[in-house]
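In case you want the letters, here they are:
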Amino acid sequence: MVTGALPTTFAVAVTALSNLPIWVFTGLAPSIGADLGFGALRLGATAAIFFAAAGLFAVPAGHAVEHIGWRRTNIVVAILLIVSFAGMSLAPNLETLAGFLVVGAVAFAFTQPSAGLTLAQTVALHRRGTAFGLKQAALPLTTLLVGITTPLFLGVNGWRWAFASCAVIGLVFLAAVVVERRRSPFVDAPLALFRRGPEPTSPRLRAQPPLMMLAVGAGLGCVATASIGGFLVVYAVSAGLTQTQAGQLLATGSIVCLASRLITGWIADRRGRRHLRVVAIMMMAGSLGFVLLAVAHSRPWLLVLGASLAFGLGWAWNGLFAFAVVHNHPEFPAAATGVVQSVMGMGSATGPALFGVTVSIASYTGAWVGAAAALALGAVFMLQGRRLLARSVAR
């Protein structure tokens, strides 16, 4: 097994980079919308397209990663992201921007299985929970950076410079991956090397009821998490905050989420079990944060509290969940992640679309309440999936 901090660093970096297309788009949505002429409904539809494309490609991407390895996958992801960022920076309208956003979605689909495989092959089991927490902390780190840098890109065509800057970061990452691959004495190891017995070298994971139940729970959770990531800044501006203040609110929530993912991963390594139960508890508690957002209009202090709780628990369960999926499917880490990620992608696509429609025909209050209900229902499915998994193991 290849060990060391460098593979984990690449897993964190590629996770953060692959999240930039959607979160830069939603974080700068007020400016982009004013320039290209769209509102909450088309914002939600565009975000839904991104997550739908990511979900559609997740399963084949997971199987592809099993075959080509995480190093080659990182090169593919970097190239796709550079194309995506460059295209969005030059997009003359929302339709063109959405097209290049889909290119970024394909890169995103490869990222989660690749990062999961990286950690499964290179990190010792007793440190894997922390590693997955660190990897998943890359997502709130992305939104944190978007929130902090929002004031830098508020000028005329400032959002275009934001995407162009991301393309440069993508080039740097690609160069680092290529150099590391050439210098490394190791090659991407086939998963057969980590199995016992005569299993074939090109396995196919058959999705079992426990895995699908867990996937549905995570998908319902993503209905809510994609909504807060996509609409918090726009909602905060509509509630009376400036775009700079809304960016600071996004940064605050991201810091809480980042810390929560790191802490839960660290605790998971010491607890050693009951990870899915903790995931369900976090989802249920996080739904209260969405309820607070529903009644926080014109109440800045309640907006901060609701966002912190929604981010800190309602959006922080992903890292522990990803670790639990890999932990319970050690022979198929990338493929299992791909199966789960496909359903999560569908949830992430459905969430912003439904949220945008609800805002358009009703209000933000109803939209946030709906997100809270989806997250709470996801917790119920998560517990049921855990029961089915325990029965399967017992048999």
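Above this text you will find the structure in question.
Chemist: Give a detailed account of a nonpolar patch on the surface, specifying residues and quantitative values.
Modeler: Taken together, the side chains of Leu-41, Val-357 and Ile-361 make up a nonpolar region of the molecular surface, amounting to roughly 290 Å² of accessible area. On the secondary structure map, Leu-41 appears in helix α3 (residues 40-90).

Chemist: I'd like a rundown of the side chain of Thr-8, residues and numbers included.
Modeler: Checked against the element boundaries, Thr-8 lands in helix α1 (residues 5-27). Among residues more than four places away in sequence, those in contact with Thr-8 are Leu-119, Val-123 and Leu-134.

Chemist: Any details on the environment of Ala-162? Residues and values, ideally.
Modeler: Summarising the element assignment, Ala-162 is placed in helix α7 (residues 158-183). Here the alpha-carbon distance between Ala-162 and Val-24, two residues 138 residues apart in the chain, equals 7.6 Å. Excluding residues within four positions of it along the chain, Ala-162 makes contact with Val-24, Leu-28 and Phe-153.

Chemist: Kindly report on a positive patch on the surface, identifying the contributing residues and their values.
Modeler: Together, Arg-274, Arg-277, Arg-387 and Arg-391 make up a positively charged patch on the protein surface. Positionally, Arg-277 belongs in helix α10 (residues 275-294). Under the relative-accessibility criterion, Arg-277 is labelled partly exposed at 34%.

Chemist: Mind laying out the packing of α3 against helix α13 (residues 333-361), listing which residues take part and the relevant values?
Modeler: Relative orientation of the contacting elements α3 and α13 amounts to 175°, with a least axis distance of 7 Å. One way to sum up the angle between α3 and α13 is to call them roughly antiparallel. When grouped by side-chain class, the residues that make up the contact of α3 with α13 number 19 nonpolar, 11 polar and 1 charged.

Chemist: Any chance you could break down α1 for me, citing the residues and the numbers?
Modeler: In this model, α1 (23 residues) spans 31 Å end to end at C-alpha, consistent with the 33 Å of a helix rising 1.5 Å per residue. Along its length, α1 reaches its greatest deviation from straightness, about 45°, at Leu-20, and the proline Pro-21 lies no more than four positions downstream. Of all 23 residues that make up α1, 19 are buried, and the element is covered over most of its length.

Rules and cut-offs
- Residues numbered from 1 in each chain as written.
- Predicted model: local features only at pLDDT ≥ 70, side-chain atom pairs only at ≥ 80, totals over all residues.
- Heavy atoms only, no water.
- Patch = residues over 30% accessible without salt bridge, like charges linked within 9 Å, V, L, I, M, F, W, Y side chains within 5 Å.
- Areas by Shrake-Rupley, 256 points an atom, 1.4 Å probe, with all protein chains shown as cover.
- Salt bridge = Lys/Arg side-chain N within 4 Å of Asp/Glu carboxyl O.
- Helix = DSSP H or I, 4+ residues; strand = E, 2+ residues; numbered from the N terminus.
- Contact = heavy atoms within 4.5 Å.
- Lys, Arg positive; Asp, Glu negative; His and termini not counted.
- Charge placed at Lys NZ, Arg CZ, Asp CG, Glu CD.
- Buried < 20%, exposed > 50% of the residue type's maximum accessible area, 1.4 Å probe, protein only.
- Axes fitted to C-alpha atoms, helices over the stretch in contact; angles between N-to-C directions.
- Parallel < 35°, antiparallel > 145°, perpendicular 65-115°, else oblique.
- Nonpolar A, V, L, I, M, F, W, Y, C, P; charged D, E, K, R; others polar.
- Expected span 1.5 Å × (residues − 1).
- Bend = angle between axes of the 7 residues up to and from the residue.

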